[in-house]
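In case you want the letters, here they are:
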Amino acid sequence: MSTSATAGPMTGLWPVSRMTLRLARVRILAWVVLMTVLTVAVARAWDSLYPTAQGRLEFAAALQASPALTSLLGPLYDPVSTGGLTAWRLGSGMVLVLGLASIFLVVKHTRADESVGRTDLIRSARVGRASPTLAAFGAAAVIDLAFGATSAAALMLLGEAPSGAAAFGLSVAGGALVFASVGVLAAQAVSTSRAANGLASLVLAASFMAYAVGNADSDLDAIALATPFGWASRTRPFAGETWTWVALLFAVAALLLVVGLVVSTRRDVGAALIGTRSGRRQAAPWLRSVTALAWRVDRGQLVTWVLAMLMLGVFVGYLAKTASDLLSSNPQLSQFLERLGGDAGVTDSYVLVMIAVLSFGSAAYAVSTLLRTHADEESGRLELLLSVPASRRSLLSSRALLVAGGVVVIQAAVGLGVGLSNGAANDDLRTLVPRYVAVALLAVPAVWVIAGWTVAVIGAVPRFTWLAWLALAYCVTIGELGPILGLPDWTLRTTPFWFTPAWPVEEMSVVPVVALVVVSLVLAAWGVLRFERRDIPG
């Protein structure tokens, strides 16, 4: 009998928490540093783009005529102070990103650990039933609260009001903690980490959509106030802070956490509130190859990414005209955007930049899906697959080929969404849909380079799979923050996304496209070759 059977629910919490923090320390540090640097960069950008109070008031007046931006970002309470503008621009986005990071971290150290047997090993010591779950939530809380503290300190160092800076940091941290608790509940509800991540992310996405709908019409404000995004926004940083909403965020997070902890103490390890549906007695005839198996396992994630990116593309196209009007009224901002996207019209530059941003999402799909091969290797499933007539080369290359095709489909969905919404607004679907689909597809070779790098990491250095995410994080940081921080152009050339043709704002060039494809193929081939020759632990 396990020694945990005689332990209290919280027994062993401290050593389990230390272990969890040690395992997650790189992720925690990366998220906190990246998000804090982004906060500082955006705050400094406002000072350069709108240096005068009159310019900021004009921006706010133009914003009032734009329900689209208000829908996504929420109401702008203080258009004069840099802190107020920064809180408006980043508030909901930070809750969204840190909420996702918290969900993934919680699920990784709860349901994922149960799936591979780590929880059984931990519970074989004197560890209570609730300790692993609470330790996982604690690691997510470190990310959220550390960001709240560092972002508030950074804004105060930039000369912003301490009360407003504290309200911004606490509101974002509180909103992210709510979704960390949602991750705890999802881990108790379903039996796999993939399903738990999907369920919790669906709750987050539905909450954000409800927030956007509520912001679009004052008559629907109650819908926005039913979400953590609405509570964080109504804290009103730098505009007469309302601390009641901060207290509500932390109270709801604590309540959901308690419910999740109670459930975790009353279920068996590996069990779930929602039972797993039994499969068919015999597999379908088409499931006779490793390629078919990879498609069967990965298709749900692909469909989710396609739908999500299609919706984001629709939003980008919907905002194109509004963004064009706002940007045209500010020469500095127009020049800044053209530095990111080229020297053509403001609308084309805006769409090009936003599609480039969404291509990072396609790269995240590629990395996460390819790393499933490494997860199968760690869990022992890969060894089981290799016990049948299947080569290592076919196992990795088949998934890589499916991911390469998935990237094409996702990018096409982005372009389709942009073209449909912007084309409908301009009554020019026939021209704009194929135009923006082509623009989105031009980013595919750059995403393939990240995918090829991931295959190389899996094949050559499987102990350091975090290098795949590090490469993507580097591309995002340099590509998005480089122009804001005024970094030299040579730093932008160190990412594959810089070589993506900027058509239609610049002339089309085939050479960089071919070069990126060749680089991706070389990386993938080398990774498959190393994977075929190295040992598989078992």
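Our structure's up above, just so we're on the same page.
The notes below deal with the structure included here. Please read all numbers here as calculations on a predicted model, not as lab measurements. (Residues numbered from 1 in each chain as written. Predicted model: local features only at pLDDT ≥ 70, side-chain atom pairs only at ≥ 80, totals over all residues. Heavy atoms only, no water.)

### Side note on the environment of Leu523
Stage number 1. Mapped onto the elements, Leu523 comes out in helix H22 (residues 511-533).
Stage number 2. Sequence separation of Leu523 and Glu114 is 409 residues, and the distance between their C-alpha atoms is 34 Å.
Stage number 3. The contacts of Leu523, once residues within four sequence positions are left out, are Val449, Gly452, Trp453 and Ala456. (Helix = DSSP H or I, 4+ residues; strand = E, 2+ residues; numbered from the N terminus. Contact = heavy atoms within 4.5 Å.)

### Considerations on the packing of aromatic side chains
Describing an aromatic ring pair means giving the distance of the ring centres and the angle of the ring planes.
Stage number 1. The tally for this structure, following the rule as stated, stands at eleven aromatic pairs.
Stage number 2. Between Phe464 and Trp466, the ring centres sit 6.2 Å apart and the planes meet at 80°, which makes this aromatic pair edge-to-face.
Stage number 3. The exposure class assigned to Phe464 is partly exposed, which follows from its relative accessible area of 36%. (Phe/Tyr/Trp six-rings, centres within 6.5 Å; stacked < 30°, edge-to-face > 60°. Buried < 20%, exposed > 50% of the residue type's maximum accessible area, 1.4 Å probe, protein only.)

### Some remarks on the side chain of Ser181
Stage number 1. Looking at the secondary structure, you find Ser181 in helix H8 (residues 162-189).
Stage number 2. Assessed through its relative accessible area of 0%, Ser181 is described here as buried.
Stage number 3. Non-local contacts of Ser181, meaning those with residues more than four positions away in its chain, are made with Phe137, Ala253, Leu256 and Leu257.

### Structural notes on the packing of helix H19 (residues 444-460) against H22
Stage number 1. In contact at an axis separation of 7 Å, H19 and H22 are set at 15° when each is read in the N-to-C sense. For the element pair H19 / H22, the angle class is roughly parallel. Along this stretch, H19 crosses H22, giving a crossing that reads as left-handed. Counting all contacts with H19, which are made through Pro445, Ala446, Trp448, Val449, Gly452, Trp453, Val455, Ala456, Ile458, Gly459 and Ala460, the residues of H22 involved are Val513, Leu516, Val517, Val519, Ser520, Leu523, Ala524, Trp526, Gly527, Val528, Arg530 and Phe531.
Stage number 2. When grouped by side-chain class, the residues that make up the contact of H19 with H22 number 18 nonpolar, four polar and one charged. (Axes fitted to C-alpha atoms, helices over the stretch in contact; angles between N-to-C directions. Parallel < 35°, antiparallel > 145°, perpendicular 65-115°, else oblique. Left-handed = near helix turned anticlockwise from the far one by under 90°. Nonpolar A, V, L, I, M, F, W, Y, C, P; charged D, E, K, R; others polar.)

### Regarding the pattern of salt bridges
Stage number 1. Within the structure shown, the criterion is met by ten salt bridges.
Stage number 2. A salt bridge links Arg118 to Asp113; the shortest N-O distance between them is 3.1 Å.
Stage number 3. A residue is classified by how much of its surface remains accessible, and Arg118, at 40% relative accessible area, is partly exposed.
Stage number 4. Under the relative-accessibility criterion, Asp113 is labelled buried at 8%.
Stage number 5. Linking Arg393 and Glu532 is a salt bridge whose minimum nitrogen-to-oxygen distance equals 3.1 Å. (Salt bridge = Lys/Arg side-chain N within 4 Å of Asp/Glu carboxyl O.)

### Some remarks on the side chain of Thr119
Stage number 1. Mapped onto the elements, Thr119 comes out in helix H6 (residues 118-123).
Stage number 2. Beyond its immediate stretch of four places on either side in the chain, Thr119 contacts Thr110, Asp113, Glu114 and Val269.

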